[in-house]
Amino acid sequence: MKVPKKVKKYCSHCKTQKEMSVSIAKQQGKNKVHPMSRGSKRRIKLRGGFRGAGNKGSFSRGAITKWKRYGAKKSKKVNLKLQCKECGKSSILIGNRAKKVEVSHS
Ligand SMILES: [Zn+2]
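Read on for a plain summary of the structure. These numbers were taken from a predicted model, which means no experiment stands behind them.

Reading the values: rules and limits
- Residues numbered from 1 in each chain as written.
- Predicted model: local features only at pLDDT ≥ 70, side-chain atom pairs only at ≥ 80, totals over all residues.
- Heavy atoms only, no water.
- Salt bridge = Lys/Arg side-chain N within 4 Å of Asp/Glu carboxyl O.
- Helix = DSSP H or I, 4+ residues; strand = E, 2+ residues; numbered from the N terminus.
- Buried < 20%, exposed > 50% of the residue type's maximum accessible area, 1.4 Å probe, protein only.
- Contact = heavy atoms within 4.5 Å.
- Pairing = 2+ DSSP bridges.
- Donors = N, O, S within 2.8 Å, 3.2 Å for Na, K, Ca; no water.
- Tetrahedral: all angles 85-135°; square planar, octahedral: opposite > 155°, others 65-115°.

**Topic: the pattern of salt bridges**
Next, step 1: Evaluated as defined, the whole model comprises two salt bridges.
Next, step 2: Residue Glu-86 pairs with Lys-18 through a salt bridge whose shortest N-O separation is 3.5 Å. With Glu-86 in the loop between β5 (80-84) and β6 (90-93) and Lys-18 in strand β3 (residues 16-24), this residue pair connects regions lying 68 residues apart in the sequence.
Next, step 3: Taking the relative accessible area as the measure of exposure, Glu-86 reaches 61% and is therefore exposed.
Next, step 4: A salt bridge links Lys-100 to Glu-102, with the nearest nitrogen and oxygen atoms 4.0 Å apart.
Next, step 5: The partly exposed category is assigned to Glu-102, whose relative accessible area is 37%.

Next up, the structure:
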């Protein structure tokens, strides 16, 4: 998907349509891994370790390791960052799915 470098969009700070510069929004830090979430490696390890060691039947079955589905989607949602050229405020436009997003020059 090609995106123009400049677009005319409504700016909520200026309250009118203004020219805005477009860039691809970077993800704010990596997604945190919850060490004890259901499918986490640590939990699976612990469950395997606790099995049959007087755990009151809470881990009666073995750890399920094969239920996550990887590689189901081939495209990614890419958010676009719009920055107003007059006030300098920026907003994020939630993107659609696309294999590749490119901000075209000119
Ligand atoms: Zn503005």
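**Some words on the side chain of Lys-18**
Next, step 1: The class of Lys-18 is buried, set by a relative accessible area of 18%.
Next, step 2: When residues no more than four places from it in sequence are discounted, the contact partners of Lys-18 are Val-7, Lys-8, Lys-9, Cys-11, Cys-84 and Glu-86.

**Quick look at the pairing of β6**
Here is the key point about a regular strand: its side chains alternate between the two faces of the sheet.
Next, step 1: Strand direction decides the pairing type here: β5 and β6, joined by four bridges, are antiparallel. Residue Leu-82 lies in a different strand from β6, and its bridge partner there is Ser-91.
Next, step 2: As consecutive antiparallel partners, β5 and β6 are separated by five residues, and within that stretch Gly-88 has a phi angle of approximately 80 degrees, a positive value.

**Focus on unusual backbone geometry**
Next, step 1: Non-glycine residue Lys-15 carries a positive phi angle of around 65 degrees.
Next, step 2: Tracing the sequence through the fold places Lys-15 in the loop between β2 (6-11) and β3.

**Remarks on the coordination of the zinc ion**
Next, step 1: Protein coordination at the zinc ion comes from Cys-11 (SG), Cys-14 (SG), Cys-84 (SG) and Cys-87 (SG), with a distance range of 2.2 to 2.4 Å.
Next, step 2: The coordination sphere of the zinc ion comprises four donor atoms, whose angles at the metal cover 100 to 119 degrees; the geometry is tetrahedral.
Next, step 3: The sequence pattern formed by the donor residues of the zinc ion is C-x2-C-x69-C-x2-C.
Next, step 4: For Cys-84, a relative accessible area of 3% translates into the label buried.
Next, step 5: Relative accessible area serves as the criterion here: at 34%, Cys-87 is assigned to the partly exposed category.

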